[in-house]
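Summary of the model geometry
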Amino acid sequence: MKTLQDYIDKLNKLNFKDMFNNDFFLTWEKSDDELEAVFTIADALRFMRENNISTKVFESGLGISLFRDNSTRTRFSFASACNLLGLEVQDLDEGKSQIAHGETVRETANMISFMADVIGIRDDMYIGKDNAYMHEVSDSVKQGNADGILEQRPTLVNLQCDIDHPTQAMADALHLIHEFGGIENLKGKKVAMSWAYSPSYGKPLSVPQGIIGLMTRFGMDVVLAHPEGYEVMPEIEEVAKANAEKSGGSFTRTNSMAEAFKDADVVYPKSWAPFAAMEKRTNLYGEGDMEGIKALEKELLAQNADHKDWCCTEELMKTTKDGKALYLHCLPADINDVSCTDGEVEASVFDRYRNPLYKEASYKPYVIAAMIFLSKFENPQEILKKLEARGTKRIFE
């Protein structure tokens, strides 16, 4: 039976010192030990909550959330993570701020951060802009702290950008670790990261890129499948190739969903927009060309409609490993005859995996909390011991 000391012992074997007082932008910027430290802290925090041990390490402080795109799971996961650690969440509504009156990124970042310990940002729609914006915010508060304006430097957590969705990919990975009984058991497992049809357009590239950029770290055989013309960022494919070579796994690409699904241990059918189209959309928005945006949307919807056969069906699922591959999705999925007429997945497949999908999503609050925890405490093992020794109950008994 697990004890908190088991997690502490595991942390003692890992080198994650560079995570202290640092941000979390992209998974491939972190070492193997640092990723494992996130998984370990996430599991430790979950263990403590399930055993009615308070994990509040802050008596006050803010977690600032900025969502430039709609969100359910990630928004509430960030709020849950902050609350788990004792922080209060404050949303930054740019429409109600002075940004519209010319307030600079540097000024906004400092003004919201006087008592902030973490800033979580989702900005995922504009190629070449979103991750860069997060870095500008991080650099601004770092300078504010160095200049003595801010008493503390807020940690920045990437809640999804144009390049990666690290909290999602890490939550997916932790789900797989538990499903397969350990991180070491992921080696050799086949993952099919496949495009799937959606009746909407413009879905970010960050989920497929996050999956190929992370799952290749564990020696998995990752296959990226999509119709011609739905390529992801080429530099992220290079990251995946380098990861696979280092880990002993593999990374391949195919234009056949059936080929990707064959003998797969894990399938992840998810729609995304073509990289070239997302680049074009970014430029059109930059030019204020709304007519061009409308024309591009019409073009992309027509392009999608040519590939309605890219759907996760019962027949395809039968071709996976023993017909029992684990089905993953970041949610919400486009479900045939439920949320749309034709979509990413048949209703019977989705319904069969509904509980595992919800379980997959449940890891995200703990992953985000772990990212914050590792940034705020130089010796998280000691903090975990103190929390246990303090013995404060989360729910009064």
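Owing to the predicted nature of the structure, the values given are computational and were not obtained by experimental measurement.

**Notes on the overall build of the protein chain**
- For the protein chain, the helix and strand inventory stands at 16 helices and 9 strands.
- The C-alpha radius of gyration of the protein chain comes to 21 Å, within 12% of the 21 Å expected for a compact globule of 397 residues.
- The C-alpha extent of the protein chain, read off along each of the three principal axes, is 55 × 55 × 40 Å.
- Of all 397 residues assigned to the protein chain, the portion counted as buried reaches 57%.
- The long-range fraction of contacts in the protein chain, counting pairs at least 24 apart against all pairs at least 6 apart in sequence, stands at 82%.
- Counting every atom, the protein chain has about 17300 Å² of accessible surface; 48% of that belongs to carbon and sulfur.
- Side-chain charges in the protein chain split into 45 positive and 64 negative, and the spacing between the mean points of these groups amounts to 4 Å.

**Some remarks on the sheet that holds strand β3 (residues 116-122)**
- Spatially, β2-β1-β3-β4 is the arrangement adopted by the 4 strands of the open sheet, whose pairing is parallel. Every other strand in the sheet has two partners, leaving β2 (88-91) and β4 (155-158) as the edge strands with one partner each. Across the sheet, the mean angle from the axis of one strand to that of its neighbour is 25 degrees, orientation sign disregarded.
- Alignment of strand β1 (residues 62-67) against β2, held across 4 bridges, turns out to be parallel. When the bridges of β2 are listed, Gly63 appears paired with Val89.
- Across the sheet, helix α3 (residues 73-85) lies against β1, β2 and β3, angled at about 170 degrees from β1, the strand it touches most.
- Packing of helix α15 (residues 364-376) onto the sheet brings it into contact with β3 and β4, and relative to β4 it is tilted by some 155 degrees.

**As for the nonpolar core**
- Counting 124 residues, the largest nonpolar core has Val38, Ile212, Met317, Tyr327, Phe373 and Leu384 as its most contacted members.
- It is helix α2 (residues 32-50) that contributes the most residues to this core, 10 residues altogether.
- Once you skip the residues sitting within four places of it in the chain, Phe373 turns out to touch Ile41, Leu45, Val57, Leu85, Pro380, Ile383, Leu384 and Leu387.
- The next biggest cluster of nonpolar side chains, apart from the first, holds 6 residues, and it includes Tyr201, Ala277, Ile293 and Leu300.

**Observations concerning the side chain of Lys30**
- As for its position among the elements, Lys30 is in the loop between α1 (4-12) and α2.
- For the buried residue Lys30, which engages in no salt bridge, the nearest side chain bearing the opposite charge is Glu34, 5.1 Å off.
- In this structure the side chain of Lys30 is engaged in a polar contact, spanning 2.8 Å, whose partner is the backbone oxygen of Asp23.
- In contact with Lys30, not counting residues within four places along its chain, are Asp23, Phe24, Leu35 and Arg217.

**Focus: the packing of helix α6 (residues 166-179) against helix α14 (residues 354-362)**
- Where α6 meets α14, the closest approach of the two axes is 8 Å, and the angle between their N-to-C directions is 120 degrees. Considering the angle they form, α6 stands oblique to α14. Where α6 crosses over α14, the handedness of that crossing is right-handed. Across the interface between the two elements, Gln168, Ala171, Asp172, His175 and Glu179 from α6 touch Pro356, Lys359 and Glu360 from α14.
- Its residues assigned to classes, the contact of α6 with α14 shows 2 nonpolar, 2 polar and 4 charged.

**A look at the packing of aromatic side chains**
- Summed over the entire model, instances satisfying the criterion amount to 8 aromatic pairs.
- Look at Tyr126 and Tyr285: their rings are 5.4 Å apart centre to centre, the planes differ by 80 degrees, and that puts the pair in the edge-to-face class. With Tyr126 in the loop between β3 and α5 (130-146) and Tyr285 in helix α10 (residues 275-287), the pair connects residues that are 159 residues apart, well separated along the chain.
- Look at Tyr126 and you get partly exposed, because its relative accessible area is 30%.
- Looking at Tyr285, the relative accessible area reads 33%, which means it is partly exposed.
- A centroid spacing of 4.5 Å and a plane angle of 45 degrees characterise the contact between Trp195 and Tyr230, whose relative ring orientation is tilted.

**Focus on the sheet that holds strand β9 (residues 326-327)**
- With parallel pairing, the 5 strands of this open sheet are ordered in space as β7-β6-β5-β8-β9. The sheet is open, and its two borders are formed by β7 (250-254) and β9, each paired with just one other strand.
- Bridging between strand β6 (residues 221-225) and β7 involves 5 bridges; their strand directions are parallel. Bridge pairing in β7 links Val223 to Thr252.
- Most of the contacts of helix α8 (residues 234-247) go to β7, to which it runs at about 140 degrees, and overall it touches β6 and β7.

**Concerning the side chain of Ser71**
- Along the chain, the position of Ser71 falls in the loop between β1 and α3.
- In terms of polar contacts, Ser71 uses its side chain to reach the backbone amide nitrogen of Thr74, at 3.4 Å.
- Among the polar contacts made by the side chain of Ser71, one reaches the main-chain amide nitrogen of Arg75 at a distance of 2.9 Å.

**Quick notes on α15**
- Taking 1.5 Å per residue as the helical rise, α15 with its 13 residues ought to reach 18 Å, and the 19 Å between its terminal C-alpha atoms agrees with that figure.
- Counting buried positions along α15 gives 13 out of 13 residues, so the element sits mostly inside the fold.

**Considerations on the environment of Ala244**
- Looking at where Ala244 falls in the secondary structure, it is placed in helix α8.
- On the accessibility criterion, Ala244 (4% relative accessible area) is buried.
- Taking the C-alpha atoms as reference points, Ala244 and Val222, separated by 22 residues in sequence, lie 8.4 Å from one another.
- Apart from residues no more than four positions distant in its own chain, Ala244 is found in contact with Thr216, Gly249, Ser250 and Phe251.

Criteria and cut-off values
- Residues numbered from 1 in each chain as written.
- Predicted model: local features only at pLDDT ≥ 70, side-chain atom pairs only at ≥ 80, totals over all residues.
- Heavy atoms only, no water.
- Helix = DSSP H or I, 4+ residues; strand = E, 2+ residues; numbered from the N terminus.
- Rg over C-alpha atoms; globule rule 2.2 N^0.38 Å.
- Buried < 20%, exposed > 50% of the residue type's maximum accessible area, 1.4 Å probe, protein only.
- Contact = heavy atoms within 4.5 Å.
- Areas by Shrake-Rupley, 256 points an atom, 1.4 Å probe, with all protein chains shown as cover.
- Lys, Arg positive; Asp, Glu negative; His and termini not counted.
- Charge placed at Lys NZ, Arg CZ, Asp CG, Glu CD.
- Pairing = 2+ DSSP bridges.
- Axes fitted to C-alpha atoms, helices over the stretch in contact; angles between N-to-C directions.
- Core = buried A, V, L, I, M, F, W, Y, C linked by side-chain atoms within 4.5 Å.
- Salt bridge = Lys/Arg side-chain N within 4 Å of Asp/Glu carboxyl O.
- Polar contact = N/O pair within 3.5 Å; in protein donor to acceptor, adjacent residues only side chain to side chain.
- Parallel < 35°, antiparallel > 145°, perpendicular 65-115°, else oblique.
- Left-handed = near helix turned anticlockwise from the far one by under 90°.
- Nonpolar A, V, L, I, M, F, W, Y, C, P; charged D, E, K, R; others polar.
- Phe/Tyr/Trp six-rings, centres within 6.5 Å; stacked < 30°, edge-to-face > 60°.
- Expected span 1.5 Å × (residues − 1).

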